[in-house]
Amino acid sequence: MNAHRHSSDTVVEVEHLVTHYGERKILDGINLRIRQGEIMAIMGGSGAGKSTLLRHILGLSPPTRGAIRLLGREMTGLRSKELYAIRRKIGVAFQGGALLTSMTVGENVALPLREHTRLDRSTIRIMTRLKLEMVNLSRAENLMPAQLSGGMLKRAALARAIIMDPAVLFFDEPSSGLDPISAVELDEMILRLKQAMNMTIVVVTHELQSVLTIADRITILGGGRIIMTGTVDEVRNSRDEYIRLLLDRKPRTDTESGESYLRRLTDGP
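Residues numbered from 1 in each chain as written. Predicted model: local features only at pLDDT ≥ 70, side-chain atom pairs only at ≥ 80, totals over all residues. Heavy atoms only, no water.

Would you take a moment to explain the overall build of the chain for this structure?
Scanning the chain from N- to C-terminus turns up ten helices and ten strands. The buried share of the chain, taken over its 269 residues, is 47%. For the chain, the share of sequence-separated contacts (at least 6 apart) that also reach a separation of at least 24 residues comes to 62%. For the chain, the accessible surface area stands at approximately 14400 Å², while carbon and sulfur atoms represent 48% of it. (Helix = DSSP H or I, 4+ residues; strand = E, 2+ residues; numbered from the N terminus. Buried < 20%, exposed > 50% of the residue type's maximum accessible area, 1.4 Å probe, protein only. Contact = heavy atoms within 4.5 Å. Areas by Shrake-Rupley, 256 points an atom, 1.4 Å probe, with all protein chains shown as cover.)

How should I be thinking about the layout of surface pockets in this particular structure?
Within this model, the largest pocket holds a volume of roughly 530 Å³. Taken together, 18 residues make up the lining of the largest pocket; nearest its centre are R87, I90, V92, P112 and H116. Per-element accounting of the lining of the largest pocket gives the leading share, four residues, to helix α3 (residues 105-116). (1 Å grid on protein atoms, 1.4 Å probe; cavity = no way out; pocket = protein on both sides within 12 Å on 5 of 7 lines; lining within 4 Å. Points joined across faces, edges and corners; volume = space filled by probe spheres on them.)

I keep staring at unusual backbone geometry and nothing clicks. Help me out?
Among all residues save glycine, negative phi is the norm, and among peptide bonds the norm is trans. At L71, a residue that is not glycine, the phi angle is positive and equals roughly 55°. Within the secondary structure, L71 sits in the loop between β4 (65-70) and β5 (73-74). Among the residues examined, L71 registers a relative accessible area of 27% and is labelled partly exposed. In the Ramachandran plot, D165 falls in the positive-phi region, its phi being about 50° despite a non-glycine side chain.

Just to check I follow, could you spell out the pairing of strand β2 (residues 24-35) for this structure?
A regular strand carries its side chains on alternate faces of the sheet. Bridge count for strand β1 (residues 10-21) against β2 is nine bridges, and the pairing is antiparallel. Bridge pairing links H20 to K25 in β2. Counted between consecutive antiparallel strands, the loop separating β1 from β2 contains two residues, among which G22 sits at a positive phi close to 70°. (Pairing = 2+ DSSP bridges.)

Just to check I follow, could you spell out the sheet that holds β2 for this structure?
Adjacent strands of a sheet form backbone hydrogen bonds with each other and so pair up, either parallel or antiparallel. Here we have four strands laid out as an open sheet, ordered β2-β1-β4-β5, and antiparallel in their pairing. One side of each edge strand has no neighbouring strand; the edge strands of this open sheet are β2 and β5. Helix α1 (residues 50-57) contacts β1, β2 and β4 of the sheet and is inclined by roughly 120° relative to β1. (Axes fitted to C-alpha atoms, helices over the stretch in contact; angles between N-to-C directions.)

I'm lost on the pattern of salt bridges in this one. Help?
Pairing between side chains of opposite charge can happen when their charged atoms approach one another. Per the counting criterion, the structure on display carries nine salt bridges. Here D165 makes a salt bridge to K131, at a shortest N to O gap of 3.0 Å. Taken together, the residues span a long stretch of sequence, with D165 in the loop between α5 (150-161) and β7 (168-172) and K131 in helix α4 (residues 121-134) at a distance of 34 residues. Judged by relative accessible area, which is 7%, K131 ranks as buried. Residues joined in a network through salt bridges with shared partners are K25, D28 and R225. (Salt bridge = Lys/Arg side-chain N within 4 Å of Asp/Glu carboxyl O.)

It is not clear to me how the pairing of strand β9 (residues 217-222) should be interpreted in this structure. Could you clarify?
Taking burial as the measure, the six residues of β9 include six buried ones, the bulk of the element. Here β9 shows a buried face lined by R217, T219 and L221 and a second buried face lined by I218, I220 and G222. Here four bridges tie strand β3 (residues 39-43) to β9, and the two strands are oriented parallel to one another. Pairing of M40 across the sheet is with R217, part of β9. As paired strands, β9 and strand β10 (residues 225-231) are joined by six bridges and run antiparallel to one another. Within the sheet, the bridge partner assigned to R217 lies in β10 and is T231. Between β9 and β10, which pair antiparallel one after the other, the connecting turn spans two residues, and G223 there sits at a positive phi close to 60°.

Explain the nonpolar core here, please?
Most often, soluble globular proteins keep nonpolar side chains buried together rather than apart. V12, V14, I42, L53, F170 and I218 are the most contacted members of the largest nonpolar core, which has 43 residues in total. Among the elements that take part in this core, β2 stands out by supplying five residues, more than any other. The residues touching L53, leaving out its near neighbours within four places in the chain, are V14, L17, L27, I30, L32, I42 and L221. If you look at the next biggest cluster of nonpolar residues, it comprises 32 residues, including L99, A159, I163 and M199. (Core = buried A, V, L, I, M, F, W, Y, C linked by side-chain atoms within 4.5 Å.)

This is the structure:
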């Protein structure tokens, strides 16, 4: 990727990204730019390539070919020390929370500060409590992860992800598995974080209602390709068949008849 093409307000830049798992092509020529201060939602059906794209952006696995820039640094081919430095500037809230079960909520949230800074215990304790208050978990500091509800686990993971005031927050399936009230509360929390901390937030999800509530722009993946990137209104007004299926929650219409299905099972293709 040419340096002169990188814009100062672009925090994530993906160009011509291709990925294979064995012989199967998962991502097929992905081009994407995520701007400073926006909430970008990446959505699509199961198997669309959302999680694979996220792993590449985070430097967790290399693509087959293509280029990725995160906060101005080329991610492919980085040495471990350089990758470590970049990751200190980002936060990641994983789908299942990924809290360490042997630690309290407070200890989990404080862990990045203990691992990556030389702050004294008192400062770490204050910063931990501030972040727990931001996600409405101030009373859960001394609880164990097993004592938390699904919504509380998500918020604890979010507090840990923002403990070091990251420039970019990546959130994998924030509303997955939550009841409607908890999902709405988490959406509102994400919007407040954006306003309070002026951070760029990348949300990978298949939850349509959440996307329409929080996103500044939406990227829709399908079949390993980007079908569309646009504002909420642009996506709502799209006449693309795949996008309409997602928005209208309708099944595909190309299902075969019962008679054809039975014949295929008994006689073969």
